[in-house]
Amino acid sequence: MRVAIFGAGYAGLGVARRLERSLPDDVELIVVDESGEHVVRHLLHRGIRYPDELAHIRLPLGLVLERATIREARVEALDHTAGVATLTDGETLSYDFGVVTLGGDPEFFGLEDVAEYATPLHRPADVDTIRDDFEAVLADGGRVVVGGGGLTGIQTAGELAALARERDASETVAVTLVEQADAVPPGFDDRLQDAVGDALESAGVECHTSTTITGATDDAVTVADGDPIRYDQFVWAGGIRGPAAQDGDRPTVPATLRLGPNAFALGDAADVVDADGTRVPPTAHAAIRQAGVAATNVARVVEHRLAPGGFEPRLERYNDDEMGWLVSVGDDAVARVGPTILSGAPANAVKTTVGAGYLTSIGAVEDAVAHVQDAVAHESARDVTPQ
Ligand SMILES: Cc1cc2nc3c(=O)[nH]c(=O)nc-3n(C[C@H](O)[C@H](O)[C@H](O)COP(=O)(O)OP(=O)(O)OC[C@H]3O[C@@H](n4cnc5c(N)ncnc54)[C@H](O)[C@@H]3O)c2cc1C
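Model, not experiment: these values are computed from the prediction. (Residues numbered from 1 in each chain as written. Predicted model: local features only at pLDDT ≥ 70, side-chain atom pairs only at ≥ 80, totals over all residues. Heavy atoms only, no water.)

A.B. asks: Explain helix α6 (residues 151-166) to me, using residue names and the numbers behind them.
C.D. replies: With 16 residues, α6 should reach 22 Å at 1.5 Å per residue; the first-to-last C-alpha distance of 22 Å fits that figure. Extensive coverage of α6 is indicated by the burial of 12 of its 16 residues. All buried positions along α6 are accounted for by Gly153, Ile154, Gln155, Thr156, Ala157, Gly158, Glu159, Leu160, Ala161, Ala162, Leu163 and Ala164. Positive phi appears at Asp168, one or two residues downstream of α6, with a value of about 55 degrees. (Helix = DSSP H or I, 4+ residues; strand = E, 2+ residues; numbered from the N terminus. Expected span 1.5 Å × (residues − 1). Buried < 20%, exposed > 50% of the residue type's maximum accessible area, 1.4 Å probe, protein only.)

Written out as structure tokens, the structure is:
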């Protein structure tokens, strides 16, 4: 029997590491990922300012997996009924159970000119493009527009503004965050939005809320009900859609994360409805926590398939108990821990601890140590930088 996991992000790696321990030895476990590495994607924006940190958030899969077979290939299509994945160059891979954890792709909402002119922040290569383009803005002065004020947009704008300040370019470089909702991040409680708004203002990010981007030319973003916003660089963080291998769909899965008799789906690749009937936002922390439920359920259905008879196994259900939130804004951060909103040094401490805790949890202990050392070094450098 073969269990195949498609995608090794937070969701896929979390399922794989658990199944390595729980599946019987004679069940083959295979992890297919086009990049061959696990990207700690929620820290990707850090690479804009600190390119060296990317090394600690791009982990070769061989470092974090032990018994799973790693297949570095792009998934083009999945047929769960037949149990066949079509990989790059038409190769196929058969499987008895599939776990879809391919994440999402940037969503442009049909705005083709936005897709043409903007750089999304989704993969490590995007970080290099954004940093290189921003170097030109730093040199000549100008404006970078970040479209979308969710976690990705806020954190990207924060890094760009902090980099401008580090280079003494705050007077000549404008960082403008454009969001259609009336506050950022949309959908969060008022107190967190207020704290994030304050942090963005202190960082020097201009926020245009209640502003819907309708298109782009090569030097301006067009918006509904307002003048175009001229830009020298355009970064897109407007949201995600399902992966290309699912034709852009994020299929709805119930709290058991079961997509069909032979398949499970979770993380950004799926539209998860939790045990309370609530649609779960696509985030790293939801993907990490869903992985535990999915791994338990896969192990149970595999066990039942190997020794059929009796009732169908009872499956665990995912409940999206929100434990807190953490958003970085350049050198600052805002955290909600239970009912308490933190910002400044305490929030930064939480941010570093959460990042290091995640790396430790996936066995990347040296990278966790490096993550803390980087944070301390950057903090000390700020302490001696004249303001
Ligand atoms: C800059 C940035 C900041 C963010 N900040 C936060 C934050 O502060 N907090 C938070 O909770 N979330 C944050 N997020 C969102 C979070 O990163 C995602 O919700 C999370 O990565 C989803 O995890 P996942 O495992 O579903 O998918 P991913 O982490 O995207 O993993 C998908 C995997 O599938 C592989 N893959 C994709 N397509 C194919 C294919 N066709 N064939 C083979 N392999 C494929 C990829 O290589 C990747 O390894 C942020 C995202 C970004 C980009």
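A.B. asks: Before we move on, could you go through the domain arrangement of the protein chain and cite the residues and values that matter?
C.D. replies: Here the protein chain is partitioned into domain 1 (2-104 + 242-306) and domain 2 (107-239). The centre of domain 1, based on its C-alpha atoms, is set 30 Å off from the matching centre of domain 2. Domain 1 puts 16 residues into the contact, and the matching count from domain 2 is 15 residues. Interface of domain 1 and domain 2: buried area, both sides summed, is about 1,400 Å²; carbon and sulfur atoms make up 62% of it. By the criterion of area lost to domain 2, the three top residues of domain 1 are His45, Ile48 and Arg49, representing 50% of everything that side buries. Our count for the contact surface shared by domain 1 and domain 2 stands at four salt bridges. Inspection of the domain 1/domain 2 interface yields six residue pairs in polar contact (both at pLDDT 80 or more). Taken together, the elements giving at least two residues each to the side of domain 1 that touches domain 2 come down to β3 (37-39) and α2 (46-49). (Domains from an automatic or database assignment. Contact = heavy atoms within 4.5 Å. Buried area = accessible area lost by both parts, 1.4 Å probe. Salt bridge = Lys/Arg side-chain N within 4 Å of Asp/Glu carboxyl O. Polar contact = N/O pair within 3.5 Å; in protein donor to acceptor, adjacent residues only side chain to side chain.)

A.B. asks: Can you explain the site of the ligand? Please cite residues and give values.
C.D. replies: If you check the shell around the ligand, you find 29 residues, and the closest are Ala11, Asp33, Val75, Gln155 and Asp268. In this structure, Glu34 approaches the ligand through a main-chain N or O atom, which is 3.0 Å from a nitrogen atom. Ala284 has a polar backbone atom sitting 2.9 Å from an oxygen atom of the ligand. Protein chains shield 94% of the accessible area of the ligand, which is 1,000 Å² for the free molecule. (Near = heavy atom within 4 Å. Areas by Shrake-Rupley, 256 points an atom, 1.4 Å probe, with all protein chains shown as cover.)

A.B. asks: Hey, could you go over the nonpolar core for me, with residue numbers and the actual values?
C.D. replies: Counting 98 residues, the largest nonpolar core has Val3, Phe6, Val15, Leu19 and Phe134 as the members making the most contacts within it. Here this core takes 10 residues from helix α8 (residues 284-306), the largest share from any one element. Counting residues domain by domain, this core receives three or more from each of domain 1 (2-104 + 242-306) and domain 2 (107-239). In contact with Phe134, other than residues within four places in its own chain, are Val144, Leu160, Leu163, Ala164, Val173 and Gln233. Formed by 14 residues, the second largest nonpolar core is a distinct cluster that contains Val145, Val221, Val223 and Ile229. (Core = buried A, V, L, I, M, F, W, Y, C linked by side-chain atoms within 4.5 Å.)

A.B. asks: Give me the packing of helix α1 (residues 10-22) against α8: which residues, what numbers.
C.D. replies: At a minimum axis separation of 8 Å, α1 and α8 run at an interaxial angle of 35 degrees. As for the relative orientation of α1 and α8, their crossing is right-handed in sense. Counting all contacts with α1, which are made through Tyr10, Ala11, Gly14, Val15, Arg18, Leu19 and Ser22, the residues of α8 involved are Ala284, Ala287, Ile288, Ala291, Gly292, Ala294, Ala295, Val298 and Ala299. (Axes fitted to C-alpha atoms, helices over the stretch in contact; angles between N-to-C directions. Left-handed = near helix turned anticlockwise from the far one by under 90°.)

A.B. asks: How would you sum up the environment of Leu102? Please name residues and give values.
C.D. replies: Inspection of the secondary structure puts Leu102 in the loop between β9 (97-100) and β10 (105-106). The exposure class assigned to Leu102 is partly exposed, which follows from its relative accessible area of 26%. The spatial distance from the C-alpha of Leu102 to the C-alpha of Pro243 is 6.4 Å, given a sequence separation of 141 residues. In this view, Leu102 contacts Phe6, Gly7, Val75, Leu78, Pro243, Ala245 and Ala269; residues no more than four positions away in its chain are not counted.

A.B. asks: Run through a negative patch on the surface, naming residues and quoting values.
C.D. replies: A surface patch of negative charge is lined by Asp190, Asp194, Asp198 and Glu201. Here Glu201 lies in helix α7 (residues 190-203). (Patch = residues over 30% accessible without salt bridge, like charges linked within 9 Å, V, L, I, M, F, W, Y side chains within 5 Å. Lys, Arg positive; Asp, Glu negative; His and termini not counted. Charge placed at Lys NZ, Arg CZ, Asp CG, Glu CD.)

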